[in-house]
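One-letter residues, chain by chain:
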Amino acid sequence: MIFLVSFIALFIFFNIFYLIAQIKKNNGIADIAWGLGFVVVAITTLIYQGDYSVHQLVITCLVALWGLRLFFYIGLRNWSKPEDFRYVNMRKKWGKHVHLKAYFIVFMLQMSFLYLISLPIQFTNFLGMDNTFFTWNFIGLGVLVWIYGFYYEAKGDHELKVFKSNPENKGKILKTGLWSKTRHPNYFGEAVMWWGIWYISLASTGYIPLLGVISPIFITYLLRYVSGVPLLEKKYKDNKEFQAYAKDVPIFVPKLFKK
């Protein structure tokens, strides 16, 4: 039942954001909804199940911290801006029935992805926890992995925001800080965080949480090969400064040592 409850909550949530997007004529609103959607799943399933064990509270707090940060970061940045180039290109390709296509191709598809990626959260809030050494190992190491990923995403976003806020950097490529270690530190950080969340979920009783490994595998694949890295790499492929930058800096996994 908890899995149906989370689905209903997400369905209502994404329909609300779809209506907002159509009013604003900006399907990029879906990006603002992304992080907050995970918070909806975490809080809804936690309250519905009503157990409040340690691993449930830890995962819910971590997801809330990440999701709310991303929601406000993207929301404040994009709310009053024109529609992102990715969604503009989609509109051009769609031709007719843009509202219907936006509903299914953008919002419902994103809802489906979010539901799948959130499985470790749902498994955790559905199952209890055994108080053993291995349980605390899963929680402790999982939190450390999550912190590492959160650092890369949050600091990467902050460095990019500061860089873009300087008019002198317009048209230039950020190549310092975390951006000197990987071309996409924010995407890398997000992927790492979900590996941490899944590892924490293994503190739950039974073997069902093992199935949740599909979550970090799927989000890593999406960010690296579908919706994150490839689109930005394509955007800057004709930029000579970016081409030189790309020869020295890894595309996703950071290099450990500088030359």
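In the block above lies the structure referred to throughout.
Within every chain, residues take consecutive numbers counted from 1 along the sequence as written. Residues qualify for local features only when their pLDDT is at least 70, as the model is predicted, and side-chain atom pairs are given and counted only at 80 or more; totals for whole chains, interfaces and linings, by contrast, use all residues. Computation of side-chain values covers all heavy atoms of the structure but excludes hydrogens and water.

(A) Main features of the overall build of the protein. Each helix corresponds to a stretch of at least 4 residues labelled H or I by DSSP, and each strand to a stretch of at least 2 residues labelled E; elements are numbered beginning at the N terminus. Counting its secondary structure elements, the protein contains 11 helices and zero strands. Traced from its N-terminal end to its C-terminal end, the protein shows the element sequence α-α-α-α-α-α-α-α-α-α-α. To get the radius of gyration, use the C-alpha atoms; to get the globule rule, take the number of residues to the power 0.38 and multiply by 2.2 Å. Taking 18 Å as the expected radius of gyration for a compact globule of 259 residues, we find that the protein reaches 19 Å, a close match to that expectation. Each residue is placed in one exposure class: buried if its accessible area under a 1.4 Å probe, protein chains only, is under 20% of its type's maximum, exposed if it is over 50%, and partly exposed if it falls in between. A burial count over the protein gives 49% of its 259 residues as buried. Whether two residues are in contact is decided by their heavy atoms: any pair within 4.5 Å suffices. Long-range pairs, those at least 24 residues apart, make up 81% of the contacts in the protein with a sequence separation of at least 6.

(B) Main features of the environment of Glu241. Examined against the element boundaries, Glu241 turns out to sit in helix H11 (residues 240-248). Here the alpha-carbon distance between Glu241 and Ile173, two residues 68 residues apart in the chain, equals 6.9 Å. With residues near it in sequence (within four places) discarded, Glu241 still touches Gly171, Lys172, Ile173 and Lys175. Polar contacts, as counted here, are pairs of nitrogen or oxygen atoms within 3.5 Å of one another; within protein the pair requires one atom able to donate a hydrogen and one able to accept it, and residues that are adjacent in sequence qualify only if both atoms are side-chain atoms. Of the polar contacts made by the side chain of Glu241, one reaches the backbone nitrogen of Ile173; its length is 3.4 Å.

(C) Main features of the packing of helix H4 (residues 85-94) against helix H5 (residues 98-117). Only the contacting stretch of a helix is used when fitting its axis, a line to C-alpha atoms as for every element, and angles between N-to-C directions run 0 to 180 degrees. Contact geometry of H4 with H5 gives a least axis separation of 10 Å together with a crossing angle of 125°. With respect to H5, the axis of H4 lies oblique. Considering how the two elements wind past one another, H4 and H5 form a crossing that is right-handed. Contacts between H4 and H5 involve Tyr87, Met90, Arg91 and Trp94 from the former and Val98, Lys101, Ala102, Ile105 and Val106 from the latter. The class makeup of the residues in the contact of H4 with H5 is seven nonpolar, no polar and two charged. For classification purposes, angles smaller than 35 degrees are called roughly parallel, those larger than 145 roughly antiparallel, those between 65 and 115 roughly perpendicular, and all remaining angles oblique. Working rule for handedness: look at the near helix, and if it is turned counterclockwise from the far one by less than a right angle, call the crossing left-handed; if clockwise, right-handed. Note that Gly is not counted as nonpolar here; it falls among the polar residues with everything else outside the nonpolar set of Ala, Val, Leu, Ile, Met, Phe, Trp, Tyr, Cys and Pro and the charged set of Asp, Glu, Lys and Arg.

(D) Representation of the pattern of salt bridges within the structure. Any Lys or Arg side-chain nitrogen found within 4 Å of a carboxyl oxygen on Asp or Glu counts as a salt bridge. Within the structure shown, the criterion is met by 10 salt bridges. Asp84 serves as the salt-bridge partner of Arg86, at 2.7 Å between the closest nitrogen and oxygen. Taking the shortest distance from any N to any O, the salt bridge between Lys237 and Asp238 comes out at 3.4 Å. With a relative accessible area of 45%, Lys237 lands in the partly exposed category. With a relative accessible area of 64%, Asp238 lands in the exposed category. In this structure, a network of salt bridges that share partners links the residues Asp31, Asp84 and Arg86.

(E) Local environment of the environment of Val145. Looking at the element boundaries, Val145 is found in helix H7 (residues 133-165). By relative accessible area, which is 33% here, Val145 ends up partly exposed. As a C-alpha pair, Val145 and Val106 span 39 residues in sequence and 30 Å in three-dimensional space.

(F) Spotlight on the side chain of Gln56. Inspection of the secondary structure assignment puts Gln56 in helix H3 (residues 54-78). Of the polar contacts made by the side chain of Gln56, one reaches the backbone nitrogen of Ser53; its length is 2.8 Å. Not counting chain neighbours up to four residues away, the residues in contact with Gln56 comprise Leu46, Asp51, Thr124, Asn125, Phe126 and Leu127.

(G) Structural context of unusual backbone geometry. Even without being a glycine, Tyr52 presents a positive backbone phi close to 60°. Locating Tyr52 in the fold gives a position in the loop between helix H2 (29-49) and H3. Under the relative-accessibility criterion, Tyr52 is labelled partly exposed at 41%. You will see that His97, though not glycine, has its phi angle at about 55°, which is positive. By secondary structure assignment, the location of His97 is in the loop between H4 and H5.

(H) View of the packing of H3 against helix H6 (residues 119-126). H6 packs onto H3 with a crossing angle of 150° between their chain directions and a minimal axis gap of 9 Å. As far as their axial angle goes, H6 and H3 are roughly antiparallel. In this structure, the crossing between H3 and H6 has a hand that is left-handed. Here His55, Gln56, Ile59, Thr60 and Val63 of H3 lie close against H6, whose contacting residues are Pro120, Ile121, Thr124, Asn125 and Phe126. Looking at the contact of H3 with H6 residue by residue, the classes come out as five nonpolar, five polar and no charged.

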